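Architecture and fold: a report
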Amino acid sequence: MGTLSVAINLPFTPEVVDSNVDFYNDIESSPLYKMLPANAKDYVKASPHLLEYLHTFPVNTYGIPLFLAELKKDLRTMKSPNIIYPVNDTTFVHILPDPDDVRNFYIPIEPSFLHSVSQMLPVIETKLIDLIDALEDDPLNDKERTEVLKKMLATVAVIRPKNVDISKFTGGVAGKQDIKSKMTKFLNTDFTAQKKMKDTKKKHQTPLTPDGKVILTNEEYRAIEYLLIRDKIDMGVLKPFLSDPYIEDISCDGVGPIFIEHKIFKGLKSVIEFKVSQELDEFVVKMAERIKRPITYRSPIVDATLLDGSRINIVYGTAISRHGSNFTIRKVNEVPLSILNIIEGNGLDYLSAAYLWICVEYGMSLFVSGETASGKTTLLNAITTFIPPENKIVTIEDTPELNVPHRNWIREVALAKGKGEGGGASGEVSMFDLLKAALRQRPNQILVGEIRGVEGAVAFGAMQTGHPVMSTFHAASVEKLIQRLCGDPINIPRTYVDNLNLVVIQSAVKRPDGQLVRRMISVNELVGFNPETQGFTFVEMFSWEPVSDTFTWSGKGSSFLLENKIATMLGMPESKKAEIYLEVEKRAKILERLHKAGYTKFWDLFHMMTKIKKQGLLTIGS
């Protein structure tokens, strides 16, 4: 990513920082430091730039921010949050209220936040070119690029000791001058603009030592080191947003601020914004190159995956995006949410989870259906822990999001035409192609990221041949789902639809207090198709009650799948088929005990469920 200037519009007038305070060597000389709570003192000791920011923040107007190591859900009700929390070792986020808007402010506090080094950066980057030109070996990964960049900076810049007259300063070099690991280029690094400066004779005001090293203060050195790594190796100005585990969506609608959807504070507006359309265009072009999906005026739309697995959509140029290029990033959790995490958030309850457990374990095909951003993929991913641990699974997606805990897992991703690995040309491999190939791989379960086209016909064909299929689907009800399945472009014959056993309807709904939450609205069994009426019979097993925010097992005692499919599969006599409902209750208690025992994390839960299965506790009737 090239270094681009973006505007930082603070929602307050910064206070003048006392020049006598040495933030890096003597922070205790700051009166403000003495006023901070103990946990805040620990933060500023490790990250002095945070104390610098606090000195610019009008504490007398807003008060000292509340410092939190982690954010709890009860903060959602806070009317005027003034909170700072860490997102990594160097970056913090300040949430500040805006009395004039429903969206509060999101302020990333980075080491480079307060230090204007725009004049020095081109000089330093020009000097770095000479080192890069002299190197021979390419870096193997981003970690190596980071280390080499740090060593290079140490050879071209030097830190001036505090209170030393710069005219008398000749100093030494910070770090080794002899860099033995060499490379001809840094992948994803843009020094082109700085290269041109080598041929110019413009004078700069950046102070140099007699041997040509750039003289920097400690603060400037740390800011430049951070910016070089952030913009040349990481994702530029998006780094703090991508590092923040509480962010769900990041969006730039064109020229203007970056907006985010926060897990705790919901809709927020960042103080970071693009002021010029051309710079925004340059940024999205660099971002597309970074993820090896080049974007042009002829091919102005990109759907891709970032290095951390987040989904990104980019629309390039003012010809089709009138406010300027835009992008939207849907972040993924580093560790998937488990079914117990979702139960904690009241997304479903133990009984409905236990019912899904039995159905998935015994090979029922299932769609999680709902509107965009309703939590479909999150729920489908959580349900994968119910698949027997010995099973072989094939996942097919156009953008990889599913994270299956099983060892025997084939993960396949569709490939758009001309978008091969590394950006080279390639043939197209569609989800339809991958789904056909999956049928030859003898999987126990096939998971499809989303059914939306001709691959639907193959998926239903797989169900007919005994391959359980699980997928997400865009439809807000069972009726709408059937309409879409039987219409263009999917065109499933109506007589095929009842090969799908279960439809889980997922939705983002508003509670009476106005809070937007994700809930499993209903679980429905597709029983059959009536050729005379051309209608489908389906039975609602579980339903969500919006007033009480609870779930009702409305289909208890009338489950076609439990009694006629699973009980029959287990060889249970007619007189004992009702005992299958006791199994649902037994598994609900197992999930509750695992929850109380603390096995809520995705991988921990899967390993414990594997142990429970090996001990024979899941045998029907045990």
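These lines cover the structure that appears in this document, whether it is placed above or below. Being a predicted model, the structure only gives us computed values, none of them experimental.

In terms of regular secondary structure, the protein is built from 19 helices and 22 strands. Taken across its 622 residues, the protein has 51% of its residues classed as buried. For the protein, restricting intrachain contacts to residue pairs at least 6 apart in sequence, the fraction spanning at least 24 positions comes to 61%. When the accessible surface of the protein is split by element, carbon and sulfur atoms take 51% of a total near 28,800 Å².

Glancing now at the side chain of Ser522. As for its position among the elements, Ser522 is in strand β20 (residues 516–530). Side-chain polar atoms of Ser522 contact the side chain of Asn524, separated by 2.9 Å. Setting aside its immediate chain neighbours within four residues, Ser522 contacts Val503, Val504, Ile505, Glu540, Phe542 and Ser543.

Below, the discussion takes up empty space enclosed by the protein. In total, this model carries two cavities of 30 Å³ or more according to the counting rule given. Its volume calculated, the largest cavity comes out at about 80 Å³. Trp357, Glu361, Thr385, Phe386, Ile387, Pro388, Pro389, Phe606, Met609, Thr610, Lys613 and Leu618 together form the lining of the largest cavity. Those elements giving two or more residues to the lining of the largest cavity turn out to be α12 (350–361) and α19 (602–614). Ranked by residue count, the leading element in the lining of the largest cavity is α19, at four residues. Looking at the lining of the largest cavity residue by residue, the classes come out as eight nonpolar, two polar and two charged.

The next point concerns the environment of Ile224. Following the sequence through the fold, Ile224 ends up in helix α8 (residues 218–232). Between the C-alpha atoms of Ile224 and Ser118, which are 106 residues apart in sequence, the distance is 9.2 Å. What Ile224 contacts, discounting residues up to four positions off in sequence, is Val117, Met120, Leu121, Ile124, Leu153 and Leu216.

Moving on, we come to the packing of aromatic side chains. A full pass over the atoms with the stated rule returns 20 aromatic pairs. Arranged with centres 6.0 Å apart and planes meeting at 50°, the rings of Trp553 and Tyr581 form a pair that is tilted. Residue Trp553 is found in the loop between β22 (550–552) and α17 (560–569), and its partner Tyr581 is found in helix α18 (residues 580–596); the two are separated by 28 residues along the sequence. In this structure, Trp553 and Tyr581 share a single accessibility class: buried. Ring-pair connections join several aromatic residues into one group, and the members of that group are Phe12, Tyr53, Phe57 and Tyr62. Positioned above the aromatic ring of Trp357 is the side chain of Arg587, whose terminal nitrogen or guanidinium carbon lies 5.0 Å from the ring centre.

Now for the environment of Ile64. Here Ile64 is to be found in the loop between α4 (59–62) and β2 (66–67). Here the alpha-carbon distance between Ile64 and Pro37, two residues 27 residues apart in the chain, equals 9.3 Å. In contact with Ile64, other than residues within four places in its own chain, are Met35, Leu36, Pro37, Val59 and Asn82.

Looking now at the nonpolar core. Among the nonpolar cores identified, the biggest contains 65 residues, and Leu238 and Phe327 are the most heavily contacted of them. Per element, the largest residue contribution to this core is five residues, and it comes from helix α10 (residues 277–290). Contacts of Leu238, omitting those with residues within four sequence positions, involve Ile250, Ile258, Phe283, Met287, Phe327 and Ile329. Membership of the second largest hydrophobic core comes to 56 residues, among which are Leu379, Leu380, Ile387 and Ala588.

Now for the pattern of salt bridges. Per the counting criterion, the structure on display carries 27 salt bridges. In this structure, Lys232 and Glu125 form a salt bridge, with 3.1 Å as the shortest nitrogen-oxygen distance. One end of the pair, Lys232, is in helix α8; the other, Glu125, is in helix α5 (residues 120–134), with 107 residues separating them in the sequence. For Lys232, a relative accessible area of 1% puts it in the buried group. A residue is classified by how much of its surface remains accessible, and Glu125, at 1% relative accessible area, is buried.

This part covers the sheet that holds β20. Here we have nine strands laid out as an open sheet, ordered β16-β15-β17-β18-β14-β19-β20-β21-β22, and mixed in their pairing. One side of each edge strand has no neighbouring strand; the edge strands of this open sheet are β16 (409–413) and β22. Strand-to-strand twist of the sheet, defined as the mean angle between neighbouring strand axes without regard to direction, takes the value 20°. Of the pairings in the sheet, the one linking strand β14 (residues 366–370) to strand β18 (residues 469–473) comprises four bridges and is parallel in character. Paired with Val368 across the two strands is Thr472, which belongs to β18.

So, on to helix α2 (residues 38–46). When we look at burial in α2, the residues that qualify are Ala40, Tyr43 and Val44. Projected down its long axis, α2 carries its buried residues within an arc of 90°, all on one side. Structural note: α2 exposes Ala38, Asp42 and Ala46 on the side pointing more than 90 degrees away from its buried face. Summarising the contacts, the buried residues of α2 are in contact with α1 (31–35), α3 (48–56), β2, β3 (83–86) and β4 (92–96).

Quick notes on the rules
- Residues numbered from 1 in each chain as written.
- Predicted model: local features only at pLDDT ≥ 70, side-chain atom pairs only at ≥ 80, totals over all residues.
- Heavy atoms only, no water.
- Helix = DSSP H or I, 4+ residues; strand = E, 2+ residues; numbered from the N terminus.
- Buried < 20%, exposed > 50% of the residue type's maximum accessible area, 1.4 Å probe, protein only.
- Contact = heavy atoms within 4.5 Å.
- Areas by Shrake-Rupley, 256 points an atom, 1.4 Å probe, with all protein chains shown as cover.
- Polar contact = N/O pair within 3.5 Å; in protein donor to acceptor, adjacent residues only side chain to side chain.
- 1 Å grid on protein atoms, 1.4 Å probe; cavity = no way out; pocket = protein on both sides within 12 Å on 5 of 7 lines; lining within 4 Å.
- Points joined across faces, edges and corners; volume = space filled by probe spheres on them.
- Nonpolar A, V, L, I, M, F, W, Y, C, P; charged D, E, K, R; others polar.
- Phe/Tyr/Trp six-rings, centres within 6.5 Å; stacked < 30°, edge-to-face > 60°.
- Lys NZ or Arg CZ within 6 Å of the ring centre and 35° of its normal.
- Core = buried A, V, L, I, M, F, W, Y, C linked by side-chain atoms within 4.5 Å.
- Salt bridge = Lys/Arg side-chain N within 4 Å of Asp/Glu carboxyl O.
- Pairing = 2+ DSSP bridges.
- Axes fitted to C-alpha atoms, helices over the stretch in contact; angles between N-to-C directions.
- Arc of directions from axis to C-beta.

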